[in-house]
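Observations on the model geometry
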Amino acid sequence: MIASSPHQHPDNSITSVMLTVIVALIPGIITHVWFFGPGLLINMCIAIVAGLATEAAILYLRKHPVKVALYDGSALVTAILFALTLPSLAPWWIPFIGIVFAMIFAKHLYGGLGQNPFNPAMVGYAMLLISFPQEMTRWLSPEIPAAVSLGLIDTLRHSFMGVLPTGINYDALSMATPLDAMKVQIGLGQTVATIQQSQAGMSQLSGIGWEWINIMFLLGGAWLIFRKIISFHIPAAMLAGLVLISGLFFLVSPDSYASPLFHLFAGATMLGAFFIATDPVTASTTPRGRIIYGLCIGILIYVIRAWGGYPDAIAFAVLIMNMAVPLIDYYTQPRVYGHNRSS
Amino acid sequence: MTNAVGRFHGGLHLEDHKACSMQSAIVAAPLPEQLIIPLLQHIGAPLEPLVKPGDHVFKGQLIADSDANLSAPVHAPSSGTISAIEERSIPHPSGRAEKCIVIETDGKDEWPGDRQTYKNYQSLSADQLRTIIRQAGIVGLGGAGFPSHIKLNPGQHQINTLILNGAECEPYISCDAMLMQERPRDIINGLKIIRQTVNARQCLIGIEDNKPAAIAALSNCLNDDEKQYIKIITVPTLYPSGGEKQLIKLLTNLEVPSRQHPVDVGVVCHNVGTAIAVADAVIEGIPLISRTMTITGGAVNKPANIQSLLGTPMRHLLTACGLDDHKLQRLIMGGPMMGFEISSMDTPVIKTTNCLLAMDKQETGEPQTALPCIRCGECAVVCPAQLLPQQLYWWAKARDFDKTQEYNLFDCIECGCCSYVCPSHIPLVHYYRFAKTAILEEERDRIKSDRARDRHDFRLLRLERKKQEDEERKRKKKELLKKVNDDKSDSKKSEIEAALERVKAKKQATRETEQSRDS
């Protein structure tokens, strides 16, 4: 076959894009392990192995080339992002079921890479959160006394056999996340200032550990923008949306609504802004569309956090906006050269 | 010298690879033994040969022409004998064969005699100039090869700006840059002839800022009077600044409306090489029988700019530049972004051959398998027409051609920026060409079937009318007949009666005679 122009190409590929994304995640992952123990790494290993195996099996069933698709790195990134949403103390079947479900139902049933309307990692997370709320909300306390802290072996034993070291129970290990505590305490009539001072795990910015994890993901994301792997539109718009609406309510009533800073650095905000909402396959593709998409996610996150049934809301906000993407893309097409804006 | 006033969306910063072919001055290629002149070199009607095998031709002799307006004749690039008129492979993306006139050169390179020159072209009318330019076989030498006399006829349109395209944004190609450096006076003369033909108010020469020598040469060449209406404008080096629509945007901040032409916004745009060809044709009387082209790429040892006779086999030129057959991975006519692959080195160079790029393995890179589109949108970021390439790809792949048109497929200039940046290595431009071809074919079929339907409908109508007319005629005839019959029956009766009377009378008479005879 005669080659078609252009005849020169830069040295880029989906694989290099995906590997760069993984490198950008590393500071956040290390910080996460630092504060919440090695459980994340175990979850991540399970998710990666099960995720890649599921991907390979389905590609084989669909008679697609398995090796090429596995090397593109997309399944790897999905598995890592998915694992990052799980609590460290999750039993082994949580990451397993989640990633298998995500790969089969969110990715391949829609046609595989590039065809899925919903973010697979978020679909896996949402399914688990709804089905197994207890396991999915058992977050370790970032300030457990050293005596109680679980090592790698203990975490493995817990993950695979469901046993905790003698003398330790879940109550001693786990605690509500800052977002959860904030929501519950505001509901009980506490002021935001009191909650931030009195509740365990709270810090100046948001919560112990959480603020650092968010800062690391922010840095990783900024590096991705610098490397031109992602465009600034979605993260900037999403954070702006979140700041705008949280700032508005904070100005009106600082006692009953947490500050924009708290929202920016709590929960999965930065992971969501730079790594989840920017998933190219499921996000809007036009510049104006990306701004609308990001803004709406930011606003939805706040709405669900403040008045919804869940303490954090990245997954639901992203999934809801995934649905709107075809509509957004359709109405935000850029003006083509030689055409009037109106036509 | 001034800077660009507009900017276009997207574009790519590419390594230009131009320096290697600009080490030495333009040299004339040695005369080949055989010249192959395709009768179809560019858009427009194929030509009819005016010579036959065995004929002797002089250099510059007209050898093929067409009555069609959208065509440009060809001339013998050198003297010699016509050895054949047959199908040879021509430079075309499909690698197809077309009828070519083959000339065995005699080495004398002789002209038929004195050439018709117009040193004082100022006295010529626009129509006269257009005729000279058409007869010289001049087409756009920037790449597309559109017959120049058509672009030089703005008709009703008032031309405000004449643009000379010296941007030359494709990597590797440097022939326009060299021409601007070496022949600035000819370019300005050509520009003035073109200006006179289209009656343009001002002239802008757009050059990318990576060609300071060309900019300096042209600037120094202008005299004070010329400076009144000719401006040299540097544009940023950003592919595809040399695209007609992009350059117009850069120099005038005007956009050519979709599906219209530059004349619709009062602009005419020609390539600097075309300006030289125009000057040569009018002032020197030399038709378009040679052109300057860049021979370059990793597989040639001595990259250079060469003035070659049209019809010269590519191998002849590549060999002159030290082609290393072992290194050659892919031979491209044109640049690496928009050129197409040439499958046979026996293919001749034609009017639109601005570059022969002999790529080695390092330049082509490893063959890449296309992966699914991940909608990253990089293609939309770089698209100079501000299209949504991934959407176009989606619909083209699904063969939903209505949708591709809804996403403005025909505003795509096939610059290749989208394919270049695609991390999934999807040959996007290939899909767009496929969709465009399919739509145009559909359109042709539709027009054909529309015509057939119209013909059919008209036939039915005609038959119906004929039937009605026949019936009417029959009816009238019947009426007439009836009337006649009625009249006739009256007269007939009387005739019969008369006849009977006559018979009776006759009988009477006979009887009377018999009686008288008997008695």
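Residues numbered from 1 in each chain as written. Chains lettered and ligands numbered in written order. Predicted model: local features only at pLDDT ≥ 70, side-chain atom pairs only at ≥ 80, totals over all residues. Heavy atoms only, no water.

**Considering the nonpolar core**
What counts is decided by this rule: Buried Ala, Val, Leu, Ile, Met, Phe, Trp, Tyr and Cys residues that are joined via side-chain atoms within 4.5 Å together make up what is termed a nonpolar core. In this scheme, a residue with accessible area under 20% of its type's maximum is buried, one over 50% is exposed, and one in between is partly exposed, where area comes from a 1.4 Å probe on protein chains only. Where a domain begins and ends is set by an automatic assignment or by a domain database. By definition in these notes, contact holds between two residues if any of their heavy atoms fall within 4.5 Å.
Formed by 83 residues in total, the largest nonpolar core has its most connected members in A:Leu25, A:Leu84, A:Phe275, A:Tyr293 and A:Ile297. Residues from two domains meet in this core; each of domain 1 (38-139 + 141-174) and domain 2 (177-331) of chain A gives at least three. The residues touching A:Leu25, leaving out its near neighbours within four places in the chain, are A:Ile80, A:Leu81, A:Leu84, A:Phe217, A:Leu271 and A:Phe275. One finds B:Ile26, B:Cys203, B:Val263 and B:Val282 within the second-largest nonpolar core, a separate group that totals 49 residues.

**Quick notes on the sheet that holds strand β10 (residues 161-166) of chain B**
Residues and elements named next belong to chain B. So the rule is basically this: At least two bridges found by DSSP between two strands are what make those strands a pair. Helix numbering and strand numbering both begin at the N terminus, where a helix is a DSSP run of H or I of at least 4 residues and a strand a DSSP run of E of at least 2. Angles here are taken between N-to-C directions and fall from 0 to 180 degrees, while the axes themselves are lines fitted to C-alpha atoms, restricted in helices to the stretch in contact.
One open sheet holds the 5 strands; their spatial order is β1-β12-β11-β10-β13, and the pairing between them is parallel. Each edge of the sheet is formed by a strand with only one pairing partner; in this case those strands are β1 (2-3) and β13 (267-271). Packing of helix α8 (residues 272-284) onto the sheet brings it into contact with β10 and β13, and relative to β13 it is tilted by some 85°.

**Comments concerning the sheet that holds strand β16 (residues 330-333) of chain B**
All names here are of chain B. Reading across the sheet, the 6 strands line up as β2-β15-β14-β18-β16-β17 and stay open at both edges, with mixed pairing between neighbours. Every interior strand has two partners, whereas the edge strands, β2 (27-28) and β17 (340-341), have only one. Bridge analysis of strand β14 (residues 290-296) against strand β18 (residues 355-359) gives 3 bridges, and the strand direction is parallel. By the bridge assignment for β18, Thr-296 is matched with Leu-357. Against the sheet, helix α3 (residues 175-182) engages β14 and β15 (304-309), with an angle of about 125° to β14.

**Digging into the domain arrangement of chain A**
In many analyses, interface size is given as the accessible surface area lost on bringing the parts together. Residues and elements named next belong to chain A. As a reminder, the rule being used: The term buried area refers to how much accessible surface (probe radius 1.4 Å) is lost by two components on association, counted for both of them together. When a carboxyl oxygen of Asp or Glu lies within 4 Å of a side-chain nitrogen of Lys or Arg, that pair is called a salt bridge.
Under the domain assignment used here, chain A contains domain 1 (38-139 + 141-174) and domain 2 (177-331). A separation of 22 Å is found between the C-alpha centroids of domain 1 and domain 2. With both sides pooled, the region where domain 1 packs onto domain 2 buries about 1,600 Å², and carbon together with sulfur makes up 79% of that total. Counting across the domain 1 and domain 2 interface gives 0 salt bridges.

**Examining the side chain of B:Ser241**
Residues and elements named next belong to chain B. Position of Ser-241 relative to the elements: it lies in the loop between β12 (230-235) and α7 (244-252). By relative accessible area, Ser-241 is classed as buried at 0%. The residues contacting Ser-241, other than those within four sequence positions of it, are Phe-8, Ala-167, Cys-169, Glu-208, Val-235, Pro-236, Gln-246, Leu-247 and Leu-250.

**Structural notes on the interface of chain B and chain A**
How we decide: Definition of a polar contact: a pair of N or O atoms within 3.5 Å, with one able to donate and the other able to accept a hydrogen when the atoms are protein atoms, and with sequence-neighbouring residues admitted only if both atoms are side-chain atoms. Under the scheme applied, nonpolar residues are Ala, Val, Leu, Ile, Met, Phe, Trp, Tyr, Cys and Pro; charged residues are Asp, Glu, Lys and Arg; polar residues are all the others, including Gly.
Taken residue by residue, the interface counts 57 residues in chain B and 36 residues in chain A. Overall, the association of chain B and chain A removes approximately 3,900 Å² of surface from exposure, summing both partners, and the carbon and sulfur fraction of that is 53%. Contact with chain A buries area across many residues of chain B, yet B:Ile374, B:Arg375 and B:Tyr420 alone supply 18% of it, more than any other trio. Scanning the region where chain B abuts chain A turns up 2 salt bridges. For the salt bridge of A:Arg335 with B:Glu255, the shortest nitrogen-to-oxygen distance reads 2.6 Å. Linking chain B with chain A are 23 residue pairs in polar contact (both at pLDDT 80 or more), by the criterion used here. Contributions of two or more residues to the side of chain B that touches chain A are made by α7, β16, β17, α10 (361-364), α12 (389-397), α13 (401-406), α14 (417-421) and α15 (428-518) of chain B. Looking at the side of chain B that touches chain A residue by residue, the classes come out as 29 nonpolar, 16 polar and 12 charged.

**Side note on the environment of B:Thr352**
Residues and elements named next belong to chain B. Take Thr-352: it is sitting in the loop between β17 and β18. In the structure, Thr-352 is positioned 42 residues away from Leu-310 in sequence and 9.5 Å away in space, judged by C-alpha atoms. Setting aside residues up to four positions removed in sequence, Thr-352 forms contacts with Gln-41, Gly-140, Gly-143, Ala-144, Gly-145, Arg-291 and Met-333.

**Structural notes on helix α1 (residues 126-135) of chain B**
Residue and element names in this part refer to chain B. Among the residues of α1, Leu-129, Arg-130, Ile-132, Ile-133 and Arg-134 are the ones counted as buried. On the buried face of α1, the contacting elements are β6 (62-65), α2 (148-151), α4 (184-198) and α8. Once α1 finishes, Gly-137 follows within two positions and takes phi at roughly 70°, a positive value.

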